[in-house]
Amino acid sequence: EEGVAHGPVPMGRVHVLMHQPQLLAAFYDRWCAAESKLTVLLHTQVIRAEVEAERVSSLTLHCRGRDFLVRPKAVVDASGDAVLAVLTQQPFEMAAASELQRPAYCVGVVNVDAFEPLQIAGAIVQGIQEKKLPRDAAGAHFRSSGIQGEVFMTLDLDGGADYDSTDPACLTAVEMRGREIAFQVIRHLKETHVAFREARISTLPVRAGIRESRRWVGEAVLTEEDILSSKRRESDVAYASWPIELRETARGPKLIYPQEAKSCGIPLAVLRAKNLRNVFTAGRCISATHRAQASTRVMGTALATGQAAGIAAASDLT
């Protein structure tokens, strides 16, 4: 109703709810502000955690040189990187460097006229063949934001043989490479394609899009077989409705669909830490295998697990 999203738009065998990220962020700001019992602390991270009697008893939050101590009734780790598992020395899993889903770098581009995606792909390939663009530019693809003249370009990046999505040097290199290639691609398209003659990059991401890093080990583990068989249980609290989307290289996705056009259930045990009674997880670091996570990490499912974990944490289920 507020113009944040439109669709769903069919893309092959899936349907995608298209959204505009800046408008979505502002919508969530208003939503959170309306909750009188909710305090939002941006620019804040957990740097220390204490455990007593199988419960996280205290957390130290840090913001720009200031520390805050909180004593939580329950905690939801939606960090994406299972940060709390590291701080509390709890079990987690992480795929080998050769298997980790490769990162993405997404930028906003304005002043773009209508175009055919295949033509753009052809222009980029030609630029690579003529050595006007680096080979990494092959991972670029475009989609409309829903706003006239604005598109988003996503660059799938290689990350390198020693790719580590939790290493600061690696993350720095990924982001710097993403910026470099993004400007090269748009500059090349301005020179070679009429739809991009007036184009310019308007927004850069706060950080590179990390698709996979650490995953919690929970009371239960969601598996590839669960996704492909669309397994359901009475204890399900959310659904995984996306195919297994493997991006273990920068050459584009490999999609593996379930046997039936039916979503897979996610039980609460997958969102509960194995050894900590008051810790829940949500988003891309929930308890799932490498291939199951390739389905559950997407935004719709991440939102669903976040809602489920939040309700569980607030419902005295610890």
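The structure contained in this document is the topic of the report that follows. (Residues numbered from 1 in each chain as written. Predicted model: local features only at pLDDT ≥ 70, side-chain atom pairs only at ≥ 80, totals over all residues. Heavy atoms only, no water.)

Quick look at the overall build of the chain
Now for step 1: The number of helices and strands found in the chain is seven helices and 17 strands.
Now for step 2: What you see for the chain is a C-alpha radius of gyration of 21 Å, in line with the 20 Å of a compact globule of 318 residues.
Now for step 3: Projecting the C-alpha coordinates of the chain onto the three principal axes gives extents of approximately 65 × 50 × 45 Å.
Now for step 4: The proportion of buried residues among the 318 residues of the chain is 43%.
Now for step 5: In the form shown here, the chain has an accessible surface area of approximately 17,200 Å², with 53% of it arising from carbon and sulfur atoms.
Now for step 6: Each charge sign in the chain was given a centre, from 37 positive and 37 negative side chains, and these centres are 1 Å apart. (Helix = DSSP H or I, 4+ residues; strand = E, 2+ residues; numbered from the N terminus. Rg over C-alpha atoms; globule rule 2.2 N^0.38 Å. Buried < 20%, exposed > 50% of the residue type's maximum accessible area, 1.4 Å probe, protein only. Areas by Shrake-Rupley, 256 points an atom, 1.4 Å probe, with all protein chains shown as cover. Lys, Arg positive; Asp, Glu negative; His and termini not counted. Charge placed at Lys NZ, Arg CZ, Asp CG, Glu CD.)

Some details on the sheet that holds strand β5 (residues 66–70)
Picture the strands of a sheet paired through backbone hydrogen bonds; they go either parallel or antiparallel.
Now for step 1: Taken together, the three strands give an open sheet; going across it, the order is β3-β4-β5, and neighbouring strands pair in antiparallel fashion. The open sheet terminates on both sides in strands that have one partner only, identified here as β3 (45–52) and β5. Between one strand and the next, the sheet's axes are offset by a mean angle of 20°, whatever the strand orientation.
Now for step 2: Bridging between strand β4 (residues 55–63) and β5 involves five bridges; their strand directions are antiparallel. In the sheet register, Leu61 faces β5, and the bridge partner there is Phe68. (Pairing = 2+ DSSP bridges. Axes fitted to C-alpha atoms, helices over the stretch in contact; angles between N-to-C directions.)

Notes on the pattern of salt bridges
Now for step 1: Applying the stated criterion to the full structure yields 15 salt bridges.
Now for step 2: Here the residues in one salt-bridge network are Asp156, Arg211, Glu245, Arg247 and Arg297, joined through shared partners. (Salt bridge = Lys/Arg side-chain N within 4 Å of Asp/Glu carboxyl O.)

Focus on the nonpolar core
Side chains that are nonpolar tend, in soluble globular proteins, to be buried together.
Now for step 1: Grouped together as the largest cluster of nonpolar side chains are 32 residues, with contacts concentrated most on Ile124, Phe142, Met153, Val185 and Phe196.
Now for step 2: Elements with a minimum of two residues in this core: β8 (104–110), α3 (117–129), β9 (140–144), β10 (151–156) and α4 (168–192).
Now for step 3: The greatest single-element share of this core, amounting to seven residues, is contributed by α4.
Now for step 4: With 23 residues, the next largest nonpolar core counts Leu228, Leu268, Ala282 and Ala313 among its residues. (Core = buried A, V, L, I, M, F, W, Y, C linked by side-chain atoms within 4.5 Å.)

Considering the sheet that holds β8
Now for step 1: Reading across from one edge, β9-β10-β8-β11 is the order of the four strands in this open sheet, with antiparallel pairing throughout. Each edge of the sheet is formed by a strand with only one pairing partner; in this case those strands are β9 and β11 (200–203). The mean inter-strand angle of the sheet, taken between neighbouring strand axes irrespective of direction, is 40°.
Now for step 2: Pairing analysis gives three bridges linking β8 to β11, with the strands arranged antiparallel. Among the inter-strand pairings, Val109 is bridged to a residue of β11, identified as Ile201.

Things to note about the pairing of β9
Now for step 1: With five bridges connecting them, β9 and β10 associate as antiparallel partners. Residue pairing across strands places Arg143 opposite Phe152, the latter belonging to β10.
Now for step 2: Hairpin remark: β9 followed by β10, antiparallel, with six residues in the connecting loop; positive phi at Gly146, about 95°.

Some words on the packing of aromatic side chains
Now for step 1: Applying the stated rule across the entire model yields six aromatic pairs.
Now for step 2: Between Phe27 and Trp31, the ring centres sit 5.8 Å apart and the planes meet at 55°, which makes this aromatic pair tilted. Placement of both Phe27 and Trp31 in helix α1 (residues 21–33) is noted, with a separation of four residues, approximately one turn of the helix.
Now for step 3: Judged by its relative accessible area of 28%, Phe27 is partly exposed. (Phe/Tyr/Trp six-rings, centres within 6.5 Å; stacked < 30°, edge-to-face > 60°.)

With respect to α4
Now for step 1: Its 25 residues place the ends of α4 36 Å apart at the C-alpha level, agreeing with the 36 Å of an ideal helix rising 1.5 Å per residue.
Now for step 2: Among the residues of α4, those classed as buried are Cys170, Val174, Glu175, Gly178, Ile181, Ala182, Val185, Ile186, His188 and Leu189.
Now for step 3: The distance from a side-chain oxygen at the start of α4 to the backbone nitrogen of Ala169 is 3.2 Å, and the residue carrying that oxygen is Asp167. (Expected span 1.5 Å × (residues − 1). Polar contact = N/O pair within 3.5 Å; in protein donor to acceptor, adjacent residues only side chain to side chain.)

Regarding a nonpolar patch on the surface
Now for step 1: A cluster of nonpolar side chains, Leu38, Val40 and Leu42, forms an exposed patch at the surface whose accessible area comes to about 290 Å².
Now for step 2: By the element assignment, Val40 lies in the loop between α1 and β3. (Patch = residues over 30% accessible without salt bridge, like charges linked within 9 Å, V, L, I, M, F, W, Y side chains within 5 Å.)

Re the environment of Val217
Now for step 1: Within the secondary structure layout, Val217 lies in the loop between β12 (215–216) and α5 (224–228).
Now for step 2: With 127 residues separating them along the chain, Val217 and Gln90 place their C-alpha atoms 8.2 Å apart.
Now for step 3: Setting aside chain neighbours within four positions, we find Val217 in contact with Pro91, Phe92, Glu93, Ala273, Lys274 and Ser287. (Contact = heavy atoms within 4.5 Å.)

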